[in-house]
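Topology and contacts: notes
Take a look at the letters that make up each chain.
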Amino acid sequence: MPTGDSFVRDRCRGDMIALLDVGGEGRYATAMNLNPSAEKTLGPDKGRPIPNRIDGRAEDIPLPDSSVKAIVVERTPLRNEAIDELARVATNDATLVFRHPVDEHSDPHARVVEQINGEVEIGQLEFDGQMVQQLTIRLGAG
Ligand SMILES: C[S@@+](CC[C@H](N)C(=O)[O-])C[C@H]1O[C@@H](n2cnc3c(N)ncnc32)[C@H](O)[C@@H]1O
């Protein structure tokens with residue numbers, strides 16, 4: 001499986017990316033996984049290569065403006081620079097989904113809602129045995 005820049009060039013030349021998993025380790029078969037780590041960091045496959053990986057960080061995504069139709073960010077650091085980058089690479093009708101633990105001390109999703117305009121939906125779900133908040137933002141619908 002090709003990885004890194006050559007994978008991006010081979011698969012994405014001139015095309016939209018259907019699904020980008022930021023901090024992804026291979027949960028979604030059809031996703032491109034943006035991750036600075038070449039290897040999975042969690043679970044029984046820890047240490048194995050991350051498939052379909054784009055080598056990079058959420059704060060500096062190596063993709064063009066308006067090139068990603070759906071983005072998922074699960075339990076991955078969400079700095080303000082990263083939120084700006086997600087807004088930059090998303091198409092104007094993209095859907096973005098965020099899943100993170102949220103409590104009174106830490107609510108990374110509040111900053112996402114401030115920085116990205118769209119139709120917002122918030123729910124709770126159990127994810128890998130952990131309660132997380134799911135924030136969905138649909139651009140171009142709000
Ligand atoms: C707790 S794991 C979550 C993995 C997966 N998203 C999940 O929920 O199962 C955090 C992941 O974020 C990646 N990561 C850490 N800093 C990152 C950054 N600045 N940009 C993108 N990914 C990052 C790590 O390498 C790791 O794979």
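Residues numbered from 1 in each chain as written. Predicted model: local features only at pLDDT ≥ 70, side-chain atom pairs only at ≥ 80, totals over all residues.

1. Observations regarding the overall build of the protein chain
- When its secondary structure is counted, the protein chain shows three helices and seven strands.
- Along the protein chain, from the amino end to the carboxyl end, the secondary structure elements read α-β-β-β-β-α-β-α-β-β.
- The proportion of buried residues among the 142 residues of the protein chain is 30%.
- Put simply, 48% of the contacts in the protein chain that link residues at least 6 apart link residues at least 24 apart. (Helix = DSSP H or I, 4+ residues; strand = E, 2+ residues; numbered from the N terminus. Buried ≥ 20, exposed ≤ 12 C-beta atoms within 10 Å, placed from the backbone. Contact = placed C-beta atoms within 7 Å.)

2. Side note on the site of the ligand
- In the region of the ligand, 18 residues are neighbours, and G23, S37, A58, E74 and R75 sit closest.
- Class assignment of the residues belonging to the shell around the ligand gives a composition of six nonpolar, six polar and six charged. (Near = placed C-beta within 6 Å. Nonpolar A, V, L, I, M, F, W, Y, C, P; charged D, E, K, R; others polar.)

3. Digging into the environment of V73
- Within the secondary structure, V73 sits in strand β4 (residues 68–74).
- Separated by 23 residues in the primary sequence, V73 and L96 have C-alpha atoms spaced 8.0 Å apart.
- The contact partners of V73, leaving out residues within four places of it in the chain, are V22, G23, L78 and F98.

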